[in-house]
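An overview of the molecular structure
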Amino acid sequence: MELKFFKDSLIYYTWDKTTKFSWESDGTKIYYTQLTNIDRELETDFIMEYRLNSEKDTLFVKTSESDFTNEFIKKTAD
């Protein structure tokens, strides 16, 4: 899974599928709206709690419905 954040959008790559989201943040939560690859059986709006580590190179996110936290590490260009 890979996330690419841009100023006004998020690109999510997983299982050979690319999905685009719009997003905004209030400092503790990220609000996502799915814009492409919309599956009628899935929600299109998501809210995730988040925090960054002190170096701001690792993003921790979780939904309110789960105790599981996902960790994403900033990838630098090779």
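The sections below set out a description of the structure shown in this document. (Residues numbered from 1 in each chain as written. Predicted model: local features only at pLDDT ≥ 70, side-chain atom pairs only at ≥ 80, totals over all residues. Heavy atoms only, no water.)

**Some points on the overall build of the protein chain**
In plain terms, the rule: Under the scheme used here, helices are H or I runs from DSSP no shorter than 4 residues and strands are E runs no shorter than 2 residues, and both carry numbers assigned from the N terminus. Based on C-alpha atoms, the radius of gyration is set beside the globule rule, defined as 2.2 Å times the residue count to the power 0.38. The buried label applies to any residue whose accessible area, calculated with a 1.4 Å probe on protein chains only, is under 20% of its type's maximum; exposed applies above 50%, and partly exposed to all values in between. Each accessible area value is a Shrake-Rupley result obtained with a 1.4 Å probe; residue values ignore everything except the protein chains displayed when judging cover. Only four residue types enter the tally: Lys and Arg on the positive side, Asp and Glu on the negative side, with His and both chain ends excluded. Charged groups are reduced to one reference atom each: NZ for lysine, CZ for arginine, CG for aspartic acid, CD for glutamic acid.
When its secondary structure is counted, the protein chain shows zero helices and seven strands. Listed by position from the N terminus, the elements making up the protein chain come as β-β-β-β-β-β-β. The globule rule puts the C-alpha radius of gyration for 78 residues at 12 Å, and the 13 Å found for the protein chain is close to it. When the backbone C-alpha atoms are referred to their principal axes, the protein chain occupies close to 40 × 35 × 25 Å. Classification of the 78 residues of the protein chain by burial places 21% in the buried group. Counting every atom, the protein chain has about 6,400 Å² of accessible surface; 50% of that belongs to carbon and sulfur. The averaged location of the 16 negative side-chain charges in the protein chain is 5 Å from the averaged location of its 11 positive side-chain charges.

**Concerning the nonpolar core**
Defined as follows: By convention a nonpolar core is built from buried Ala, Val, Leu, Ile, Met, Phe, Trp, Tyr and Cys residues, the set being connected through side-chain atoms within 4.5 Å. Only heavy atoms matter for contacts: two residues are in contact if any of them lie within 4.5 Å across the pair.
Leu-10, Phe-21, Ile-30, Tyr-32, Met-48, Leu-59, Val-61 and Phe-72 together form the largest nonpolar core, which totals eight residues. The residues contacting Met-48, other than those within four sequence positions of it, are Thr-28, Lys-29, Ile-30, Tyr-32, Val-61, Lys-62 and Thr-63.

**As for the environment of Phe-46**
Mapped onto the elements, Phe-46 comes out in strand E5 (residues 45-52). Under the relative-accessibility criterion, Phe-46 is labelled partly exposed at 31%. Placed twelve residues apart in sequence, Phe-46 and Thr-58 show a C-alpha to C-alpha distance of 20 Å.

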